[in-house]
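# Inside the fold
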Amino acid sequence: MLHSASEESGASPAASRSDLRPPPARRLRGPSWRDPRLLVGLLLIVASVVSVVLLVAAQDRTVPVYAADRGLSTGATLEADDLRIVNVQLDAASEHYISAEAGVPPDAQLSRPVGEGELLPSSALVAGDADGRQPVTVEVEHTLSGSVEAGRLVDVWTASGFSSAEAQGDVSLIAAAAEVADIWESQSTFGTSGGLTIELLVDPEELPGLLTAHGRGDSVTVLPADLRDH
């Protein structure tokens, strides 16, 4: 009597088929917050965002300063309506301009004209004078006497009409016993020294003569005041 191979091996056909089945698939689990790889990825993203923020902040080093909202003339007392706040990148030069955070000193006056949109330089401001004198600047091309310095009194003379050796010019005393507030070197268009600028405090009635001489381009001479004549 013939027997099948399965009968000879003593294994049933059902058992043989079960041995050929693949093992059951393992269910995939989602990533856990405790997964080190996920934590490392989050740290890299945070570090990247912080780096970008710091880079932008480093490049945007602007400071708020005042600029003239309109053309301002010499002797003008500054008001809030005269100025506007602008944010500019000045770096070390910011100390030479009036910070909007500090504000304008009370009763500050201009010692020179400031054009519309021009940043307000600290050198252009003087405190209001108790005697009512007006601040004004004059430019001279000559060497000053050693006694001409801040706090001293000077006379301001102008010369005009000397276009030639034969021309009959005119010499006038246009400001007597004006007080020197400050002196600094003028700068020419090409950045070289162009003489001296002297900031003076003058009586209001003498201001038109100074401004007229400046507009005509008269030669200006500043001498120590001879107090015997005053």
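Residues numbered from 1 in each chain as written. Predicted model: local features only at pLDDT ≥ 70, side-chain atom pairs only at ≥ 80, totals over all residues. Heavy atoms only, no water.

## A short note on the overall build of the protein
- Regarding its fold elements, the protein presents 4 helices and 9 strands.
- Seen in sequence order, the protein has helices and strands lined up from the N terminus as α-α-α-β-β-β-β-β-β-β-β-α-β.
- Residues classed as buried in the protein amount to 26% of the 230 residues present.
- Accessible surface for the protein amounts to roughly 15800 Å². Of this, 55% is attributable to carbon and sulfur atoms. (Helix = DSSP H or I, 4+ residues; strand = E, 2+ residues; numbered from the N terminus. Buried < 20%, exposed > 50% of the residue type's maximum accessible area, 1.4 Å probe, protein only. Areas by Shrake-Rupley, 256 points an atom, 1.4 Å probe, with all protein chains shown as cover.)

## Quick look at unusual backbone geometry
- Within the chain, alanine 177 stands out as a residue other than glycine whose phi angle is a positive 55°.
- When you line up the elements, alanine 177 lands in strand E7 (residues 170–187).

## Thoughts on the environment of glutamate 179
- Along the chain, the position of glutamate 179 falls in strand E7.
- Sequence separation between glutamate 179 and leucine 153 is 26 residues, and the spatial gap between their C-alpha atoms is 4.5 Å.
- Residue contacts for glutamate 179: discarding those within four places in its chain leaves Arg133, Gly151, Arg152, Leu153, Glu199, Leu200 and Leu201. (Contact = heavy atoms within 4.5 Å.)

## Quick notes on the layout of surface pockets
- Put simply, the largest pocket is a space of about 410 Å³.
- The wall of the largest pocket is formed by 20 residues, among which Thr137, Val138, Glu139, Thr197 and His214 lie closest to the centre.
- The leading source of residues in the lining of the largest pocket is E7, at 5 residues. (1 Å grid on protein atoms, 1.4 Å probe; cavity = no way out; pocket = protein on both sides within 12 Å on 5 of 7 lines; lining within 4 Å. Points joined across faces, edges and corners; volume = space filled by probe spheres on them.)

## A few points about the pattern of salt bridges
- Across all of its chains, the model carries 5 salt bridges by this definition.
- Close ionic contact of arginine 70 with aspartate 82 constitutes a salt bridge, the shortest N to O distance being 2.6 Å. Of the two residues, arginine 70 sits in the loop between strand E1 (63–68) and strand E2 (83–88) while aspartate 82 sits in the loop between E1 and E2, which places them 12 residues apart along the sequence. (Salt bridge = Lys/Arg side-chain N within 4 Å of Asp/Glu carboxyl O.)

## Some points on the nonpolar core
- Ranked by internal contacts, the top residues of the largest apolar core, which has 19 residues, are Val156, Ile198, Leu200, Val202, Leu210 and Val222.
- Elements supplying a minimum of two residues to this core: strand E5 (134–140), strand E6 (153–160), E7, strand E8 (193–202), helix H4 (207–216) and strand E9 (219–224).
- The element that contributes the greatest number of residues to this core is E7, accounting for 4 residues.
- Tyr66, Leu72, Val114 and Ala124 belong to the second largest nonpolar core, which has 13 residues in total. (Core = buried A, V, L, I, M, F, W, Y, C linked by side-chain atoms within 4.5 Å.)

## Some details on the environment of glutamate 206
- Checked against the element boundaries, glutamate 206 lands in the loop between E8 and H4.
- If near-sequence neighbours (up to four positions away) are discounted, glutamate 206 is found in contact with Ile174, Ala175 and Ala176.

## Re H4
- When H4 is considered as a whole, its buried residues turn out to be Leu207, Leu210 and Ala213. The buried residues of H4 occupy one face: seen down the axis, they fall within an arc of 130°. Exposed and facing more than 90 degrees away from the buried side of H4 are Gly215 and Arg216.
- The first or second residue beyond H4 is glycine 217, which carries a positive phi of 80°. (Arc of directions from axis to C-beta.)

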